[in-house]
Amino acid sequence: MVPTLPPNISMNTAWRPDMQFKDVIGQSAVKQRLIQSVRENHVSHAQLFLGPAGSGKLPLALAYAQYILCPNRTETDSCGVCPTCQKMQKLVHPDLHFVVPTATTKKIKSNPESDLFMEEWREYVIENKGYVDTSSWYTFLDVENKQGYMSVRDAASLLRKLSMKSYEGEYKIAIIWMAEKMRVDTANKLLKLLEEPPEKTVFLLIAEDGEELLATIKSRTALVKIPAIETNALEKALVERLSCQPNQAHDAAMISEGNWITACHSVQDSEEHKYFFTTFQQWMRLCFRAAYSELIDFSNNIKTIGREKQKELLEYGLRIVRNSLLFNNNLAEIVMLPNDEKVFNSKFAPFVNPANLAQIAELLEEAMRQIERNGYAPLIFTDVSFKMVGLLKKK
Ligand SMILES: [Zn+2]
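Okay, the pairing of strand S3 (residues 172–177) next. Buried residues dominate S3, accounting for 6 of its 6 residues. A two-sided burial pattern is seen for S3, the buried positions comprising Lys 172, Ala 174 and Ile 176 on one face and Ile 173, Ile 175 and Trp 177 on the other. Pairing of strand S2 (residues 96–99) with S3, which is carried by 4 bridges, proceeds in the parallel orientation. Paired with His 97 across the bridge in S3 is Ala 174. Both S3 and strand S4 (residues 201–207) contribute to a ladder of 6 bridges, which runs parallel. When the bridges of S4 are listed, Ile 176 appears paired with Leu 205.

Right, here's the structure in full:
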């Protein structure tokens, strides 16, 4: 019972790299609101795009930035062809600045900061049409098991750049992607910028975990809530962009919970998705059997898959646990999973009950936090395994 490495994920790159509003999947209400703000000259100088992974926060921010800067914008979108739009689409416009989480790599051995990785960032964002997440970004950078962050050097560099006059005489736009990865000193430095913003500057902060953001940052930004993508919009995009069969698109849209990145993965590499299922299933079977020595082997082997995948495995487990509640309350029909996983989940559900539900969920969540804090995976997984053996017996 050894977890094997999941296959690499490859995104389909067949469709054009445009990143205008028309290329953003679903999200029509948000688009409308953003377009309106420009047309009515009410662009707030600091905005927080908060929403789940894969909902299109960065594509929306990029389309918005391009719309703000394009001199030939129409009522619904930027023109897409003027020199400004062309520079925006290549992410090389001199008035567009990025701050992104980074870590040391083989190339940058110390003091990582966004500016040192801009070439990689552009390539990565364009390749993925803006639909990006930290897990694949870290894989792209090859940071190995490290967690990315934004250092105070990032804030200092941004301050320097924004204090200069804009190149093209219009707005300067700073996109801070995954703002929850800012360290406290970084956030405090940025806060000064938000409080006394340079003229004609728009800050677009993107975040997935609002809890992790400093309250002061939240209070200085206008919240733009980005919901998960509607299932039918996802389905349509899978058919159009990845040439999926309608039934395949339907299945992928159902299991991806409004996350385009997950939807693509499940279509292009169903093995990748199946990996978490089979691994979690194997793991729980060992727990049911109280097979302690095999659980230790399992936990030792789990270190080979890396931190991001370890977290995803725990997250998958959390989902199965939450779904169990639905099964136990006769709501099986709203569980969004492929058939074989649904069967497994229905068999697992009876072991989750009011006496252990909160503890199991907390156990998995705490393990995710420890992985995030660079805890030693074999120890964390052994601890979870042994506690799980006891919890699953609780009536
Ligand atoms: Zn244009």
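Once the structure has been displayed, the description carries forward.
Moving on to the sheet that holds strand S5 (residues 222–225). Within the open sheet, the 5 strands sit side by side as S2-S3-S4-S1-S5. Their pairing is parallel. The open sheet has two free edges, formed respectively by S2 and S5, since each of these has just one partner strand. Averaged over all pairs of adjacent strands, the angle between their axes in this sheet comes to 20°, without regard to strand direction. As judged from the 5 bridges shared by strand S1 (residues 46–50) and S4, these two strands associate in the parallel manner. Within S4, the residue paired with Gln 47 across the bridge is Leu 204.

Turning to the packing of helix H13 (residues 292–301) against helix H17 (residues 377–393), a few remarks are in order. A pair of packed helices can be characterised by two numbers: the angle between their axes and the separation between those axes. At a closest axis distance of 8 Å, the pairing of H13 and H17 adopts a crossing angle of 145°. Two packed elements cross with a definite hand, and for H13 against H17 that hand is right-handed. For the pair formed by H13 and H17, the contact residues are Leu 295, Ile 296, Ser 299 and Asn 300 on the first element and Pro 378, Phe 381, Thr 382 and Ser 385 on the second. Of the residues contributing to the contact of H13 with H17, the split by class is 4 nonpolar, 4 polar and no charged.

Moving on, we come to the domain arrangement of the protein. Assigned domains of the protein: these are domain 1 (21–225), domain 2 (231–268) and domain 3 (273–393). Taken over C-alpha atoms, the centre of domain 2 sits 25 Å from the centre of domain 3. Listed as interface residues are 6 residues of domain 2 and, on the opposing side, 4 residues of domain 3. Considering every element that reaches the side of domain 2 that touches domain 3, the biggest residue donor is helix H10 (residues 246–255), with 3 residues. In terms of residue class, the side of domain 2 that touches domain 3 is built from 2 nonpolar, 2 polar and 2 charged.

Cut-off values and rules
Residues numbered from 1 in each chain as written. Predicted model: local features only at pLDDT ≥ 70, side-chain atom pairs only at ≥ 80, totals over all residues. Buried ≥ 20, exposed ≤ 12 C-beta atoms within 10 Å, placed from the backbone. Helix = DSSP H or I, 4+ residues; strand = E, 2+ residues; numbered from the N terminus. Pairing = 2+ DSSP bridges. Axes fitted to C-alpha atoms, helices over the stretch in contact; angles between N-to-C directions. Left-handed = near helix turned anticlockwise from the far one by under 90°. Contact = placed C-beta atoms within 7 Å. Nonpolar A, V, L, I, M, F, W, Y, C, P; charged D, E, K, R; others polar. Domains from an automatic or database assignment.

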